[in-house]
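What follows is each chain in one-letter form.
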Amino acid sequence: MPTITIREALNQAIREELARDERVFLMGEEVAAYDGAYKVTKGLLNEFGPKRVIDTPITELGFAGLGVGAAMAGLRPIVEFMTFNFSILATDQIINSAAKMLYMSGGQFNIPIVFRGPGGSAFQVSSQHSQALESWYAYFPGLKVVMPSTPADAKGLLKSAIRDDDPVIFIEQERMYGNKGEVPDDPDFTIPLGVADVKREGTDVTIVARSLMVPVALKAADKLQEQGVSCEVIDPRTVRPLDIDTIIESVKKTNRVVLAEESHPICGVNAEISAEIMERAFDYLDAPVKRVSGADVPMPYAKILENLAIPDVERVIAAVREVAYLD
Amino acid sequence: MSKQTAEPRSAAGAEEKSSTGVLDDPEVDRQALKQDHDTAKQKQKERLAGLESETLIELYRQMLLIRRFEEKSAEVYSAGKIGGFCHLYIGQEAVAVGALSAIRKDDYVLTSYREHGQAIAKGMSPESVMAELYGKATGCSKGKGGSMHMFDKEVNFLGGHAIVGGQIPLATGVAFAAKYQNTDKVTLCFFGEAAVNQGAFHESLNMAQLWKLPCIYMCENNQYGMGTSLERAMSLRDIAQKACAYEMASEFVDGMDVLAVREATARAVERARKESLPTLLEVRTYRFMGHSMSDPGNYRTRAEIEKYQERDPLKLFSSTLKEEKIVDDKTLQQMDSEIKEQVERAVRFAEESPLPAPEELYTDIYANPIDPSHKS
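The notes below deal with the structure included here. These numbers were taken from a predicted model, which means no experiment stands behind them. (Residues numbered from 1 in each chain as written. Chains lettered and ligands numbered in written order. Predicted model: local features only at pLDDT ≥ 70, side-chain atom pairs only at ≥ 80, totals over all residues.)

A few words on the pairing of strand β4 (residues 76-80) of chain A. Moving residue by residue along a regular strand, the side chains alternate between the two faces of the sheet. Residues and elements named next belong to chain A. Of all 5 residues in β4, 5 are buried, a share of seventy percent or more. Here β4 shows no split at all, with R76, I78 and E80 on one side and P77 and V79 on the other all buried. When strand β2 (residues 24-28) meets β4, the two strands line up parallel, connected through 5 bridges. By the bridge assignment for β4, V24 is matched with R76. Two elements, β4 and strand β5 (residues 114-119), share 3 bridges in a ladder whose sense is parallel. Bridging across to β5, I78 finds its partner in V114. (Buried ≥ 20, exposed ≤ 12 C-beta atoms within 10 Å, placed from the backbone. Helix = DSSP H or I, 4+ residues; strand = E, 2+ residues; numbered from the N terminus. Pairing = 2+ DSSP bridges.)

So, in structure tokens, the structure goes:
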């Protein structure tokens, strides 16, 4: 299998799906002539032309709504937000139109659309350009929310998202575009939405991590192995719908769990996972559920402060040692 | 137009309220009103040329159906048969009927929450609309949408949308799809004048002209965004002029004259179908009722309401048709009783229809539901 970056894996997924289905088109700011602000869409304008790969004005509410309308009339748009920070302007169309259309039309109008782009913490761009918004979108029935952490997952999940008949929020991680990994080159390779992946098997403590926190959790697990603690790392990959069964099964095995995320702790996805564990596996727990979250502050600019705001390997190790009563 | 509208009143003027709940106003100039009506009628008569009697009678019949349907909606709403919000279309019937008579059956329509009239004019049955108001399983949206969210895929009625202006980007996208798919279908998007202050309006018009999309933006200027008059809410009140900002074609249209609306829409449809270009139509109209059923409308003057009642689109059109000997009183009376019976049938259908089954709560959330226990 070829080894490629997440950026290249996403590019392959979009290219293959544009080639596979005429109804699929890509639109967003700088996706065409500029090759994408993060180069995810490199070469696609040349290959598919301006009808299928469309540069938009900076008008997020407008083009998000335009995409939803196009989906109502039979197309399958991929709408790129240059970053998910800008999707905040488009939330009326994502939430009030895309998420609810099927329901409020009594099942007549489904919205096959993918809203994708980078999210989470970026490198020193301060508060407005560096934030994790998945818990917002995961709150709404009607949306699916996907967050890949490896090149193979990125490709397989994005292809599934484009083929899905519902609106999918597909949040890539801005810091991870250059991460490399093996990716199957079979054009029919897909990964189903809603299925968690056990990234590492272990017996003593379960670490649930997504997106940027997956490599952090895996590094922590390596170090903890040296300290004699066997960690199981689970990546839900899709946060709505959440594959809670896989998490519960793991907790029943290890009896201890750490939940890592880069988003704020209040009303976060891990707050939900924690509640599910309490409801479904309370009697299996040998220690309280421990969350490791991003700091509950707007993201600062200064490197020293930014580092403090994002969970790192050391904090995950400390949390695991805490639930294992090692310190 | 703006000069004839009353000055906004301050809260301190509340004691001026009359017993009818509307603001007191100087003497109504009845002669001026009559003259206004006669001028409008003269213009309407000039628009009759080339139209079959059958077409004209059908236009009137649809307007009357909407009027009677809405009167009945108000009645059953007051009786507690329907819930939520209920925004009536009384006074604006000429807009829906005129506009929708100028498009094809397979053209698309999107609109706001004041939608019962447009739904019926697009070809949805009064039964399915009334049943939706009743929240019944037989409603056009299976009782999940209600007054503000009616849809019918069969007639390309793509919904009532209830965030002011929210349907404008959607309609732009529907027009985008029609062009992408190489069809010659056009999209008609209704919205009120208050939606023009939303960013969604401006973002959409910019893209529509930039990408030459076959979309007709039909602004129904009824002069009030809920209780706030246009004068209190908009710096440039000639809405059609705003199209200049996007180099888009536009027209002012008399929304109380069904034939004026039909003609202007036909010109916009031609532009959309033949040249794939959008148009902004500002259709000046008036709603005779409050914003919704809970609104007594005491922010408007009696003189203003009377002025527009004199321009009632049904009164104007029936008077034209009678004077031109296209219909007589007997025909109109017979039509009215038939329509009243049609509306009664819709009410009976709604009353007798089943409620949604409790299981319906959890259907139609996803087209591809994912079973969380599913494993690849």
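With that settled, the discussion passes to the sheet that holds strand β11 (residues 231-235) of chain A. Residues and elements named next belong to chain A. If you walk across this open sheet you meet the 5 strands as β9-β11-β10-β13-β14, and the pairing is mixed. In this open sheet, the two strands that pair with only one neighbour each are β9 (197-200) and β14 (290-292). If you compare each strand with its neighbour and ignore which way they point, the axes differ by 25° on average. As paired elements, β9 and β11 share 3 bridges and run antiparallel to each other. Bridge pairing in β11 links D197 to D235. Most of the contacts of helix α10 (residues 269-281) go to strand β13 (residues 257-260), to which it runs at about 160°, and overall it touches β10 (205-209), β13 and β14. (Axes fitted to C-alpha atoms, helices over the stretch in contact; angles between N-to-C directions. Contact = placed C-beta atoms within 7 Å.)

Our focus in this paragraph is the sheet that holds β5(A). Residues and elements named next belong to chain A. Pairing is mixed across the open sheet formed by 7 strands, whose spatial order is β3-β2-β4-β5-β7-β6-β12. In this open sheet, the two edge strands, each paired with only one partner strand, are β3 (53-55) and β12 (238-240). Neighbouring strand axes in the sheet, compared pairwise and without regard to direction, differ in orientation by 20° on average. Relative to β2, helix α1 (residues 6-20) is tilted by about 130°, and along the sheet it contacts β2, β4 and β7 (168-173).

Before going further, it helps to spend a moment on helix α6 (residues 167-180) of chain B. Spanning 14 residues, α6(B) covers 20 Å between terminal C-alpha atoms, matching the ideal 20 Å at 1.5 Å per step. The buried fraction of α6(B) amounts to 14 of the 14 residues, a majority that puts the element mostly inside the structure. (Expected span 1.5 Å × (residues − 1).)

How big an interface is tends to be stated in terms of accessible area lost as the parts join. On the side of chain B, 41 residues touch chain A, which itself brings 41 residues to the contact. Looking at the side of chain A that touches chain B, the elements that each hand over two or more residues are α3 (60-72), α4 (91-99), α5 (101-104) and α9 (244-254) of chain A. Per-element tally for the side of chain A that touches chain B: the top contributor is α3(A), with 10 residues. Of the residues contributing to the side of chain A that touches chain B, the split by class is 19 nonpolar, 16 polar and 6 charged. (Nonpolar A, V, L, I, M, F, W, Y, C, P; charged D, E, K, R; others polar.)

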